[in-house]
Amino acid sequence: MRVGLLTGGGDCPGLNAVIRAVVRKGEHHYGDELVGFRDGWKGVIEHATMPLDVERCRGILPRGGTILGTSRTNPYKVEGGVEKALATLRDERIDALVAIGGEDTLGVANKLTGEGVGVVGVPKTIDNDLSATEVTFGFNTALQIATDAIDRLHTTAESHDRVMVVEVMGRHAGWIATEAGIAGGAAEILIPEEEFDIEVVCDALKRRHEKGRFASIVVVAEGAQPKEGTMAIQSGEVDQFGHVRLGGIGNSVAEEIEKRTGFETRVTILGHVQRGGTPTAFDRILATRFGIAAIDAVHEGAFGQMVALQAGQIVRVALDEAVSELKTVDPDLYHGVAEVFFG
Ligand code: F6P
């Protein structure tokens, strides 16, 4: 078969491991020809390809990023985008397409299935917010990076008796914030799922200081929202999938804390550091398992499906089910575990 591959949306550690696994099993086991599309759906619209074979994939397993490049292009938002994409797939004689991405990229994959394209999805996102899979690769690496950062911030916070606000990624779901906050011993964790009241956060910090704890870590997910009317936040540009560019809530939170408590406060925005660099062993293994399962799915004609992890096993789920619901933070984990250590 001629199998196309693309990576779309924000990059994340482990993408190259998926590509390597698809190519290795596709070429060696099934005798496939693999075609890489550059920069996600953009490459399909613009007919930008690169040859992919086992030789090209040497050495990429531990490398972050994606050798295919990525973009947030949505063919349904580009004039003539879908027609051009279908024409490219026809011209390239693509029998099946493996699309590696999050809710946006897989949403497009799902719609193209309706146009008769044989697509198999592979879930990726550091945000870990896809409901059909227990976990996405990239999350574990991002979580470890955020936890390491919190560990480092603890020691400097203690030396200076400061509040350290750490902003982590997490647009709709606060998985990184919650788990890094638990692992790193945060005094407060603010996530998109739970609107926060800055006054309550400040009161908790004051009580903590009264008890003799002068250094505190406050973890804020970039998508955390204050209760209406409690504090001002900035808003940014919107992309082709309708998402506002986030980043900066940490500054507002830090400013408010310093103003309302009088405690010296600093902010660290981890940003894209969380998406860069070497994937953890966990992510490399999960990505490799997903890649192998995806090429197997192609050869079993399981189109319109996404590979997923459920109860430790790789399974297949319908793409429309996979993109229909976000996986937000388990309230038991947030309230029952993380919150026990607040204040
Ligand atoms: O891929 C998810 C994500 O990392 C979000 O957590 C974040 O809001 C967004 O991507 C950032 O995107 P960009 O790389 O386009 O700035």
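Notes on the structure in this doc start here.

Cut-offs and rules
Residues numbered from 1 in each chain as written. Predicted model: local features only at pLDDT ≥ 70, side-chain atom pairs only at ≥ 80, totals over all residues. Heavy atoms only, no water. Helix = DSSP H or I, 4+ residues; strand = E, 2+ residues; numbered from the N terminus. Rg over C-alpha atoms; globule rule 2.2 N^0.38 Å. Buried < 20%, exposed > 50% of the residue type's maximum accessible area, 1.4 Å probe, protein only. Near = heavy atom within 4 Å. Polar contact = N/O pair within 3.5 Å; in protein donor to acceptor, adjacent residues only side chain to side chain. Areas by Shrake-Rupley, 256 points an atom, 1.4 Å probe, with all protein chains shown as cover. Nonpolar A, V, L, I, M, F, W, Y, C, P; charged D, E, K, R; others polar. Pairing = 2+ DSSP bridges. Axes fitted to C-alpha atoms, helices over the stretch in contact; angles between N-to-C directions. Contact = heavy atoms within 4.5 Å.

Quick notes on the overall build of the protein
Now for step 1: For the protein, the count of helices and strands is 11 helices and 11 strands.
Now for step 2: Computed over the C-alpha atoms, the radius of gyration of the protein is 21 Å, within 12% of the 20 Å expected from 2.2 N^0.38 for a compact globule of 343 residues.
Now for step 3: Each principal axis of the C-alpha distribution contributes one length, and for the protein these read about 70 × 40 × 30 Å.
Now for step 4: In the protein, which comprises 343 residues, the proportion classed as buried is 54%.

Considering the site of the ligand
Now for step 1: As a matter of local geometry, the ligand sits amid Gly10, Arg72, Ile126, Asp127, Met169, Gly170, Arg171, Glu222, His272 and Arg275.
Now for step 2: At 2.7 Å, a side-chain N or O of Arg72 approaches an oxygen atom of the ligand.
Now for step 3: Side-chain polar atom of Arg275 to an oxygen atom of the ligand: 2.7 Å apart, as the coordinates give it.
Now for step 4: Here the ligand loses 80% of its free accessible area of 400 Å² to cover by the protein chains.
Now for step 5: Counted by class, the shell around the ligand contains two nonpolar, three polar and five charged residues.

Digging into the sheet that holds strand 7 (residues 188–190)
Hydrogen bonds between backbone atoms are what pair the strands of a sheet, whose relative direction is either parallel or antiparallel.
Now for step 1: In spatial order, the strands read 7-8-6-9; together these four strands make up an open sheet with parallel pairing. With one partner strand each, in any of the chains shown, strand 7 and strand 9 (265–269) form the two edges of the open sheet. Strand-to-strand twist across the sheet, computed as the mean angle between neighbouring axes with direction ignored, equals 15°.
Now for step 2: With five bridges joining them, strand 6 (residues 163–168) and strand 9 adopt parallel strand pairing. Bridge pairing in strand 9 links Val165 to Val267.
Now for step 3: Sheet contacts for helix 5 (residues 139–160): strand 6, strand 8 (216–221) and strand 9; angle to strand 6, the most-contacted strand, approximately 165°.
Now for step 4: Along the sheet, helix 6 (residues 175–184) contacts strand 6, strand 7 and strand 8; its crossing angle with strand 7, the most-contacted strand, is approximately 170°.

So, to be careful, I would describe these as geometric facts and stop short of saying anything about function.
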